[in-house]
Amino acid sequence: MNGGDRLAEVLERRGVRTLFTLCGGHIAPLLVGAKRLGIRVVDVRHEADAVFAADATARLTGAPGVAAVTAGPGVTNAITALKNAQMAPSPLVLIGGATATLLKGRGALQDIDQHALVRPHVKWLGSPRSVRELAPALERAFHEAAAGLPGPVFLEVPVDLLYDESLVRQWYLAGTGGGGLAGWGLRRYLERHLKKLFARDAGPPPAPLPPAPLQPPQRAVSGAARLLAGAERPVLVVGGQAVLRAAEVGEVAAAVAALGLPVYLAGGARGLLGAESPLQLRHRRKEALREADLVILAGMPADFRLDYGRHIARGARLVGANVSRGDLTRNRKPDVAAHADPGLFLRALAAAAGGRRASGKAAARGEWLARLRARDEEREREIAEQARQPAGGYLNPLALCRAIDRQLGPESLIVADGGDFVATAAYTLRPRAPLSWLDPGAFGTLGVGGGFALGAKLARPGAEVWLLWGDGSAAFSLAEFDALARHGVGVVAVVGNDAGWTQIAREQVPVLGDDVGTVLARTAYHTVAEGYGGRGFLLERAEEMDGVLTEARRLARSGVPVLINAQIGKTEFRKGSISI
């Protein structure tokens, strides 16, 4: 076997079904070896999208996704996606090609200091220097990606470790015949180096034990249960970290239901309780947090999304559970802090709270939940009324989002990639099940859409994948319609086309009085999608929304990617929102 085969064997042993890539000579043996072992090799049009696809795979399966990119520009193109995974946090393994071991620093093609570039954005990086080090290094990469605080790792693999020994010998020794004593010395040096590269080993290493999750400390669980027993106005906020262990999301959902608290779901936790849970609230979170006497943040840091903790009343007690020790105390120190897997913490808290009776609090809590639900219902009525308003001759984005929501089935999965239009969708769409909402996370990265949708559909073939794009973000990964079409991956993409970077303009124009840089054209994105092999629809009339959405779903079920270019107007729905 060559080095590419050895790496492919580890992928197979680890249960990897899909390897995302953009081809390059530095990594070709790995791609061929993976295909030979039955691993699906899915090639994309930009390296970032390969990493985004691996990221989506990880979020939906709980196991590290895998991408492979070529050296130099292949690695640099992947940096934004790596950082997005780091901040999510999402476990993935990126295998990057590199120049041959003897040519590093000598001006070889695509040779740069990849370690210096990648190190700040990954948990761990490795760079084997012999063929026998390849498999152990990749096994460690998988372990490091999933251990503790999950995140991306990088394995740099020099090209001369991947190809057949005979071919590498030809590369190194060609043209070294003759040359007298100097030539003899060069050949001896090269032979010694080749001997190190291809030194024999004792076979494949044993796979390490799976990393143990961070268990919640009993003291923190007991402390949180005591605070909960005395609270009259508790609020629970659940973030994406609570669903990192994808196989156990059902238990997490059951624990949240058992706690019986008013709950707001954020990021990847959206959909955890389905669409109709009486405990779930979707609007006016800031008001609820400011009135609560106890706030539990499970996998949600007190960052910009909570105004750096200022949304929580000073007099409220705070319980935090987070895998990241830094995020656990960022901006506001909890009264009870659990450095633990938030999903496991919620399960332990539900068990502990079940043995404690909140004597005299039941009536107050019932009134509190009723008050919050009344606010939610009032806001829903306001949104329904706003959805009926004209939008300058174009589709009302609220009406479009409500039409999409009517089409969502129990197996639907939503990928969110955009600014103003996608934020509008977040207020109106109701994910139907756990792990059915993918957004970039705290990094706020535009451009995740194409890769996320590709990875999501391949990780969950039975799901109906909806890709919601703003017209600004769509251009980042629209070329992946080529990959979707070539690989027979049917998704429904809806572009909310209002001819602008509207999220930015909402702040820039009122404050600075100028729309410079925020104006786009009503580009024919549907035509571009058809050029890449998909199917496109131009949607301009409200009475056509349901019919076009239904037809798009039908086509997607047959393996055809579909793009709906929805001509939306500008509304005042998100007036006053800021972009920093």
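Structural notes, computed from the coordinates. (Residues numbered from 1 in each chain as written. Predicted model: local features only at pLDDT ≥ 70, side-chain atom pairs only at ≥ 80, totals over all residues. Heavy atoms only, no water.)

1. A closer look at the side chain of Arg506
Okay, step 1: Within the secondary structure, Arg506 sits in helix H21 (residues 502-512).
Okay, step 2: Overall, Arg506 belongs to the buried group, its relative accessible area being 16%.
Okay, step 3: There is a polar contact of 2.6 Å between the side chain of Arg506 and the side chain of Asp420.
Okay, step 4: Setting aside residues up to four positions removed in sequence, Arg506 forms contacts with Asp420, Thr571, Glu572, Arg574, Lys575 and Ser577. (Helix = DSSP H or I, 4+ residues; strand = E, 2+ residues; numbered from the N terminus. Buried < 20%, exposed > 50% of the residue type's maximum accessible area, 1.4 Å probe, protein only. Polar contact = N/O pair within 3.5 Å; in protein donor to acceptor, adjacent residues only side chain to side chain. Contact = heavy atoms within 4.5 Å.)

2. Section: the environment of Val519
Okay, step 1: Within the secondary structure, Val519 sits in the loop between H21 and helix H22 (525-531).
Okay, step 2: We classify Val519 as exposed; its relative accessible area is 53%.
Okay, step 3: Separated by 158 residues in the primary sequence, Val519 and Lys361 place their C-alpha atoms 54 Å from one another.

3. Quick notes on the packing of helix H16 (residues 397-407) against helix H17 (residues 420-428)
Packed helices, taken two at a time, are described by the angle between their axes plus the distance between the axes.
Okay, step 1: The contact between H16 and H17 brings their axes to 9 Å, and the two run at 50 degrees. Put simply, H16 runs oblique to H17. Crossing hand, H16 versus H17: right-handed. Contacts between H16 and H17 involve Pro397, Leu398, Leu400, Cys401 and Asp405 from the former and Phe421, Thr424, Ala425 and Thr428 from the latter.
Okay, step 2: Taken together, the residues that form the contact of H16 with H17 break down as 6 nonpolar, 2 polar and 1 charged. (Axes fitted to C-alpha atoms, helices over the stretch in contact; angles between N-to-C directions. Parallel < 35°, antiparallel > 145°, perpendicular 65-115°, else oblique. Left-handed = near helix turned anticlockwise from the far one by under 90°. Nonpolar A, V, L, I, M, F, W, Y, C, P; charged D, E, K, R; others polar.)

4. Points about the pairing of strand E1 (residues 18-21)
Okay, step 1: A two-sided burial pattern is seen for E1, the buried positions comprising Thr18 and Phe20 on one face and Leu19 and Thr21 on the other.
Okay, step 2: In the sheet, E1 pairs with strand E2 (residues 40-43) via 4 bridges, with the strands oriented parallel. Residue pairing across strands places Thr21 opposite Asp43, the latter belonging to E2.
Okay, step 3: As a crossover connection, the stretch from E1 through helix H2 (residues 28-36) into E2 is right-handed.
Okay, step 4: Summarising the sheet, E1 and strand E3 (residues 65-69) pair through 2 bridges and their orientation is parallel. Bridging from a neighbouring strand, Phe20 pairs with Ala67 of E3. (Pairing = 2+ DSSP bridges. Right-handed = clockwise from strand over helix to strand, strands pointing away.)

5. Overview of the sheet that holds E3
Okay, step 1: Reading across from one edge, E2-E1-E3-E4-E6-E5 is the order of the 6 strands in this open sheet, with parallel pairing throughout. Either end of the sheet is taken by a strand with one partner, and the two such strands are E2 and strand E5 (124-126). Across the sheet, the axes of successive neighbouring strands diverge by a mean angle of 20 degrees, strand direction being ignored.
Okay, step 2: In this structure, E3 lies alongside strand E4 (residues 92-98), joined through 5 bridges in parallel fashion. Across the sheet, Ala68 pairs through a bridge with Ile95, a residue of E4.
Okay, step 3: Running over the sheet, H2 touches E1, E2, E3 and E4 and is turned about 155 degrees from E1.
Okay, step 4: Here helix H3 (residues 47-61) sits on the sheet in contact with E1, E3 and E4, set at roughly 170 degrees to E3.

6. Some details on unusual backbone geometry
Okay, step 1: Each neighbour pair has its own omega, and for Ala88 with Pro89 the value is -10 degrees, a cis peptide bond.
Okay, step 2: Along the chain, Pro89 turns up in the loop between helix H5 (79-87) and E4.
Okay, step 3: The phi dihedral of Gln110 is positive, around 60 degrees, even though this residue is not glycine.
Okay, step 4: Position of Gln110 among the secondary structure elements: in the loop between E4 and helix H6 (114-118).
Okay, step 5: Despite not being glycine, Ala499 shows a phi value in the positive range, around 60 degrees.
Okay, step 6: With respect to the secondary-structure elements, Ala499 resides in the loop between strand E16 (492-497) and H21.

7. Digging into the pairing of strand E7 (residues 234-238)
Okay, step 1: In terms of burial, E7 is a largely internal element, 5 of the 5 residues being buried.
Okay, step 2: Residues Pro234, Leu236 and Val238 line one face of E7 and the alternating positions Val235 and Val237 line the opposite face, and both faces are buried.
Okay, step 3: The sheet contact formed by E7 and strand E8 (residues 263-265) spans 3 bridges and is parallel. Of the residues in E8, the one forming a bridge with Val237 is Tyr264.

8. Notes on the side chain of Asp482
Okay, step 1: For Asp482, the location among the structural elements is in helix H20 (residues 480-486).
Okay, step 2: By relative accessible area, Asp482 is classed as buried at 12%.
Okay, step 3: In this structure the side chain of Asp482 is engaged in a polar contact, spanning 2.8 Å, whose partner is the side chain of Arg486.
Okay, step 4: Setting aside anything within four residues of it in sequence, one finds Asp482 in contact with Arg45 and Tyr532.

9. Some details on the sheet that holds E16
Okay, step 1: Sheet architecture is open: 6 strands sit in the order E14-E13-E15-E16-E18-E17, paired in parallel fashion. The open sheet terminates on both sides in strands that have one partner only, identified here as strand E14 (437-438) and strand E17 (535-539).
Okay, step 2: Sheet strands in contact with H17 are strand E13 (412-417), E14, strand E15 (464-470) and E16, and its direction is about 135 degrees off that of E15.

10. Some thoughts on H21
Okay, step 1: Of the residues making up H21, those classed as buried are Thr502, Gln503, Ala505, Arg506 and Gln508.
Okay, step 2: One or two residues past the end of H21 sits Gly513, with phi positive at roughly 70 degrees.

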